[in-house]
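Observations on the model geometry
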Amino acid sequence: DKIVAENWIDNINASIEYALKGLSLAEKRKDISQQFYAISNLVESYIAKSEYEEANKLMNSKGQQLYNENKNHNAASFYLSDQAWMNSYKGDFKTAHEFENKLYDFYIDKENKQGQIFTLIRLASTSIYLDKLNNAKKYISEAQLLASERGLQNEWFYYRIKMFNYQMARIEGKAIDNTEVMKVVDTYLAYLTTQSKLYINHDYSS
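Residues numbered from 1 in each chain as written. Predicted model: local features only at pLDDT ≥ 70, side-chain atom pairs only at ≥ 80, totals over all residues. Heavy atoms only, no water.

Here we take up the overall build of the protein. Per the secondary structure count, the protein includes 10 helices and zero strands. Going through the 206 residues of the protein one by one, you find that 40% of them count as buried. A sequence separation of at least 24 residues applies to 52% of the contacts in the protein between residues at least 6 apart. For the protein, the exposed area adds up to about 12400 Å²; of that, 48% sits on carbon and sulfur atoms. (Helix = DSSP H or I, 4+ residues; strand = E, 2+ residues; numbered from the N terminus. Buried < 20%, exposed > 50% of the residue type's maximum accessible area, 1.4 Å probe, protein only. Contact = heavy atoms within 4.5 Å. Areas by Shrake-Rupley, 256 points an atom, 1.4 Å probe, with all protein chains shown as cover.)

Here it is as C-alpha cells:
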C-alpha cells in the first residue's frame, strides 16, 4: 500500500525503497504472488523515474528467473504484462506483441475471459503500430464478442473500440466525422468524472 501511495504523490524514490523492502520480505517468505507484484511495482517506479536500464535489468534477472520457475502461477501474468508494456513504451511493438500473445495464451489456459478481453485490446493496439490492420480488426471483433457474452460492454470498452475504429479509418484514408469523435470523447470524459466522484470522492474531470 505504501508503494501505491508514494507513487500517487510522486515520491518515486520512496516508492522504490518500499518496493525493494517488499520484494525482500516476499523472497524470504517464498511468497510467489508478492514477488511478482513487488517486481511489477518496481518496474513501474523505475520507468516513472526514467530509469529504463534498471527496469530492464530487474525484468531480465529476477523477473525472468521467477517467471521461468513459476510459469503456471496465476501471478505470472504480471511478468508477461510488464514485458509487453515495457517494450511498447520503448517503441519495440514487435516484441511487445509477442509478449501479448503469450499473455493471451496464458489467460486462455487459466480460463480468464476478462484477461483475454483486455489482452485482445492490447494486441489490436500493437497490430496497428505494426501496420497489420486486418489483424487489429480481428482482435477487436474477438474482444467485442467476448465482452458481449460476459455483459462487459461498459463505457470504457465502448470508448476504446470506437477510438480503434477511428484510428484505423484514418490510416485507411476514410472520411471521419470529427464532431462524432468529440461526442464520443465527451461522453467518456463525463463517465470518468462520474466514476471518480463515485469511488474516490474527488473530481478528476480535468
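Along the chain, the position of Gln114 falls in helix 7 (residues 113–129). A relative accessible area of 37% places Gln114 in the partly exposed class. Gln114 sits 33 residues away from Ala147 along the chain, and the two C-alpha atoms are 7.9 Å apart.

What follows covers helix 8 (residues 133–149). Taking 1.5 Å as the rise per residue, helix 8 with 17 residues should run 24 Å; its terminal C-alpha atoms sit 24 Å apart, in good agreement. Taken residue by residue, helix 8 has Leu133, Ala136, Tyr139, Ile140, Ala143, Leu146 and Ala147 as its buried positions. For helix 8, the arc enclosing every buried residue in end-on projection is 150°, short of the 170-degree limit, so these residues lie on one face. Facing away from the buried side of helix 8, by more than 90 degrees, are the exposed residues Asn134, Leu145 and Glu149. Packing partners of the buried residues in helix 8 comprise helix 6 (93–109), helix 7 and helix 9 (155–171). Gly151 sits one or two positions beyond helix 8 and adopts a positive phi of about 65°. (Expected span 1.5 Å × (residues − 1). Arc of directions from axis to C-beta.)

Before going further, it helps to examine the packing of aromatic side chains. In this description, a pair of aromatic rings is defined by centroid distance and the angle of the planes. Using the criterion set out here, one finds eight aromatic pairs in the structure. Seen from their ring centres, Tyr52 and Tyr89 are 5.9 Å apart, and the 40° between their planes marks the pair as tilted. Of this pair, Tyr52 sits in helix 4 (residues 52–69) while Tyr89 sits in helix 5 (residues 76–90), placing them 37 residues apart in sequence. Ring geometry for Tyr67 versus Tyr79: centroids 4.7 Å apart, planes at 15°, classification stacked. Placement of Tyr67 in helix 4 and of Tyr79 in helix 5 is noted, with a sequence separation of 12 residues between them. By the burial criterion, Tyr67 is buried, and Tyr79 matches it. Here the guanidinium or amino end of Lys102 rests over the ring plane of Phe99, the centre of that ring lying 5.0 Å away. Directly above the ring of Phe164 sits Arg160, whose terminal nitrogen or CZ lies 4.7 Å from the centroid. (Phe/Tyr/Trp six-rings, centres within 6.5 Å; stacked < 30°, edge-to-face > 60°. Lys NZ or Arg CZ within 6 Å of the ring centre and 35° of its normal.)

With that settled, the discussion passes to the nonpolar core. In terms of nonpolar packing, the biggest core is built from 27 residues, with Phe36, Ile39, Leu42, Val43, Tyr79 and Leu80 touching the most fellow members. Secondary structure elements with two or more residues in this core: helix 2 (12–28), helix 3 (32–48), helix 4, helix 5 and helix 6. For this core, the leading source of residues is helix 3, giving eight residues. Membership of the second largest hydrophobic core comes to 18 residues, among which are Ile117, Leu120, Ala136 and Ala147. (Core = buried A, V, L, I, M, F, W, Y, C linked by side-chain atoms within 4.5 Å.)

Within the fold, Lys57 resides in helix 4. Spatially, the C-alpha atoms of Lys57 and Val43 are 9.6 Å apart, while their sequence positions differ by 14 residues.

Its location among the elements puts Ala75 in the loop between helix 4 and helix 5. With 42 residues separating them along the chain, Ala75 and Ser33 place their C-alpha atoms 5.3 Å apart.

So, to be careful, I would describe these as geometric facts and stop short of saying anything about function.
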